[in-house]
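# Coordinate inspection notes
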Amino acid sequence: MSMAAALNPPKTPFKINLTPALPPPPTSSALTFKPNNNFPTLCAAAQPQQQEHAALLDTLLNSTRKNQVLHSIRTTSPFNCLSETNLHHTVPALTSKTRGKVRDIYDSGEYLVLVTTDRQSAFDRVLASIPFKGQVLNQTSLWWFERTQHITANAVVSTPDPNVTIAKKCSVFPVEFVARGFVTGSTDTSLWTVYNKGIRNYCGNALPDGLVKNQKLAKNILTPTTKAADHDVPVTPDEIIERGLMTRADYEEVSRKALSLFEYGQRVASEHGLILVDTKYEFGKAEDGSIMLIDEVHTPDSSRYWIANSYLERFQNGLEPENVDKEFLRLWFKSHCNPYEDEVLPEAPEDLVCELSWRYIFLYETITKSKFEVLSSEEPIHERISRNVASALASLK
């Protein structure tokens, strides 16, 4: 049953307390940012950690590990990139397929099977296929799902394959919760784009004059969006309630969870020499009425990450931060075409594709402190996934 049909939207102004409840901060020293007249002040980490963080940029730009990964990308992935799946033809238990921008979603009756492909999405369309991207996103999300259960439950049931998550079914809220800590971005709905156009109230958030690109906000904010036919549409909390997209109670709970997740993610990223700049969350409601985190968490697809050690100097000199996400791919397309209006887009250069693949792997290894496993290409990836999913579904019966 449609959730919207059962809702009775209130007409009173919608105000809630979005103060997130977080566990006590870790005792180890970390690299953090504190607002000072809306400008960031860098707080130094302990010396060994500070040295480790300073080496991050070298690892990202020029390192033995980068050369190893780029070699694997160029020699293995062209024959095993996962751009499309058709598991409903190879796994008898799957009855239907829904194709998203990045994920292919299959219905097994009791569960959903989510396959994260290598498709790269931005500007509300697919731009390219990025080697190993699906594996990175799926495994990054799983790492965060496991570590955020103190904040919210999630829909994960099992992970039978590096590219696959089997999830509980739920009623998905038709709202994406975008959490932001900085004024930045290049898409039509990004905070810097709208702020630079003179907008000072965005999704219910009052923004002061005088902010500059890549500046830290005085506090984290939420800028929710809802889906139109083929793009995201910003909405205010009042509009979400009035349109019946969510109840007041559900919006209140999800908002608190989203801000808590974001602050926790920022803290963990800071401990690893990174800044979690912004991200998006999706939630659903289980049959028992509980709210669950779904889709993905703090991946380089759903989030912006910057190198913390170089941020302040680059910001003060008017330079773009060193990013570890798909922003540089966005910027390349914006400088070579109109990605929103051009029917045919230029093909992304191979070096750009390989660099993005490396940055995704770099982020995974930096956050999780584990080595990314480049899987053998001897078995075609679609056959591997089909075999693993069939076995997992059989064991769940």
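Presented here is an overview of the structure given in this document. This is a predicted model, so every value here is computed, not measured.

Thresholds, definitions, all that
- Residues numbered from 1 in each chain as written.
- Predicted model: local features only at pLDDT ≥ 70, side-chain atom pairs only at ≥ 80, totals over all residues.
- Heavy atoms only, no water.
- Axes fitted to C-alpha atoms, helices over the stretch in contact; angles between N-to-C directions.
- Helix = DSSP H or I, 4+ residues; strand = E, 2+ residues; numbered from the N terminus.
- Parallel < 35°, antiparallel > 145°, perpendicular 65-115°, else oblique.
- Left-handed = near helix turned anticlockwise from the far one by under 90°.
- Contact = heavy atoms within 4.5 Å.
- Buried < 20%, exposed > 50% of the residue type's maximum accessible area, 1.4 Å probe, protein only.
- Pairing = 2+ DSSP bridges.
- Salt bridge = Lys/Arg side-chain N within 4 Å of Asp/Glu carboxyl O.
- Expected span 1.5 Å × (residues − 1).
- Core = buried A, V, L, I, M, F, W, Y, C linked by side-chain atoms within 4.5 Å.

## What about the packing of helix α3 (residues 64-76) against helix α11 (residues 350-368)?
- With their axes 10 Å apart at the nearest point, α3 and α11 run at an angle of 125° to one another. By the angle between their axes, α3 is oblique relative to α11. As α3 packs across α11, the resulting crossing turns out to be right-handed. For the pair formed by α3 and α11, the contact residues are Arg65, Lys66, Val69, Leu70, Ile73 and Arg74 on the first element and Glu350, Asp351, Cys354, Glu355, Ser357, Trp358, Ile361 and Glu365 on the second.

## Quick notes on the side chain of His298
- Note on placement: His298 falls in the loop between β19 (291-294) and β20 (303-307).
- Exposure remark for His298: the relative accessible area of 0% places this residue in the buried category.
- Beyond its immediate chain neighbours, meaning those up to four positions away, His298 contacts Thr140, Trp144, Leu261, Phe262, Gly265, Leu276, Thr279, Tyr281, Ser303 and Tyr305.

## Some words on the environment of Leu319
- Along the polypeptide, Leu319 turns up in the loop between α9 (308-316) and α10 (327-336).
- Excluding its chain neighbours within four sequence positions, the residues that come into contact with Leu319 are Asn214 and Arg314.

## A word on the pairing of strand β5 (residues 111-116)
- When you tally the buried positions in β5, you get five out of six residues, the bulk of the element.
- Pairing analysis gives five bridges linking strand β4 (residues 103-107) to β5, with the strands arranged antiparallel. Each residue of the ladder has a partner; that of Ile105, found in β5, is Leu114.
- Hairpin geometry of β4 and β5 is characterised by an intervening segment of three residues between the two adjacent antiparallel strands and by a positive phi of about 100° at Gly109.
- When β5 meets strand β10 (residues 164-168), the two strands line up antiparallel, connected through five bridges. Each residue of the ladder has a partner; that of Tyr111, found in β10, is Lys168.

## Remarks on the environment of Asn338
- Here Asn338 is to be found in the loop between α10 and α11.
- Among the residues examined, Asn338 registers a relative accessible area of 28% and is labelled partly exposed.
- Between the C-alpha atoms of Asn338 and Phe123, which are 215 residues apart in sequence, the distance is 9.7 Å.

## Description of unusual backbone geometry
- Even without being glycine, Phe132 reaches a positive phi, approximately 70°.
- Counting through the fold element by element, Phe132 comes out in the loop between β7 (125-129) and α5 (133-147).
- One non-glycine residue with positive phi stands out, namely Lys369, at about 60°.
- Looking at the secondary structure, you find Lys369 in the loop between α11 and α12 (381-396).

## Side note on the pattern of salt bridges
- For the coordinates displayed, the defined rule picks out 29 salt bridges.
- Put simply, Glu320 and Lys213 hold a salt bridge, and the shortest N to O gap is 3.2 Å. With Glu320 in the loop between α9 and α10 and Lys213 in the loop between β14 (205-206) and β15 (215-222), this residue pair connects regions lying 107 residues apart in the sequence.
- A relative accessible area of 25% means that Lys213 is categorised as partly exposed.

## Things to note about the packing of α5 against helix α8 (residues 248-271)
- Between α5 and α8, whose axes approach to 12 Å, the crossing angle comes to 115°. By the angle class used here, α5 and α8 are roughly perpendicular. As α5 packs across α8, the resulting crossing turns out to be right-handed. Of α8, the residues touching α5 (which contributes Trp143, Trp144 and Arg147) are Tyr264, Gly265 and Val268.

## Some points on α11
- Helix length check: α11, at 19 residues, gives a terminal C-alpha distance of 27 Å against a target of 27 Å (1.5 Å per residue), a fit within 8%.
- Following α11 by one or two positions, Lys369 adopts a phi angle in the positive range, close to 60°.

## Some details on the sheet that holds β5
- The strand order β3-β4-β5-β10-β9 describes an open sheet built from five strands, whose pairing is antiparallel. One side of each edge strand has no neighbouring strand; the edge strands of this open sheet are β3 (96-99) and β9 (156-161). Ignoring which end each strand starts from, the neighbouring axes of this sheet average 25° apart.
- Along the sheet, α5 makes contact with β4, β5, β9 and β10, crossing β9 at roughly 145°.
- Across the sheet, α12 lies against β5, β9 and β10, angled at about 140° from β9, the strand it touches most.

## Some thoughts on the environment of Leu127
- By the element assignment, Leu127 lies in strand β7.
- Put simply, Leu127 and Lys101 are 26 residues apart on the chain and 9.9 Å apart in space, counted from C-alpha to C-alpha.

## Quick word on the pairing of β9
- In the sheet, β9 pairs with β10 via three bridges, with the strands oriented antiparallel. Following the sheet pairing, Val156 is matched in β10 by Ala167.
- The loop that links β9 with its antiparallel partner β10 comprises two residues.

## Concerning α8
- Here α8 is 24 residues long and its end C-alpha atoms lie 35 Å apart, about the 34 Å a rise of 1.5 Å per residue gives.
- Within α8, 17 of the 24 residues are buried, which leaves the element mostly enclosed by the surrounding structure.
- Residue Gly273 follows α8 closely and has a positive phi angle near 80°.

## Re the nonpolar core
- With 67 residues, the main nonpolar core has Phe177, Leu274, Tyr281, Phe283, Tyr305 and Phe333 as its most contacted residues.
- In terms of residues, this core owes the most to one element, α11, which gives eleven residues.
- Setting aside its immediate chain neighbours within four residues, Phe283 contacts Thr152, Val172, Phe173, Phe177, Val254, Lys257, Ala258, Leu261, Ile291, Met292, Leu293 and Ile294.
- Grouped together as the second largest cluster of nonpolar side chains are 15 residues, Leu82, Val113, Val164 and Ala392 included.

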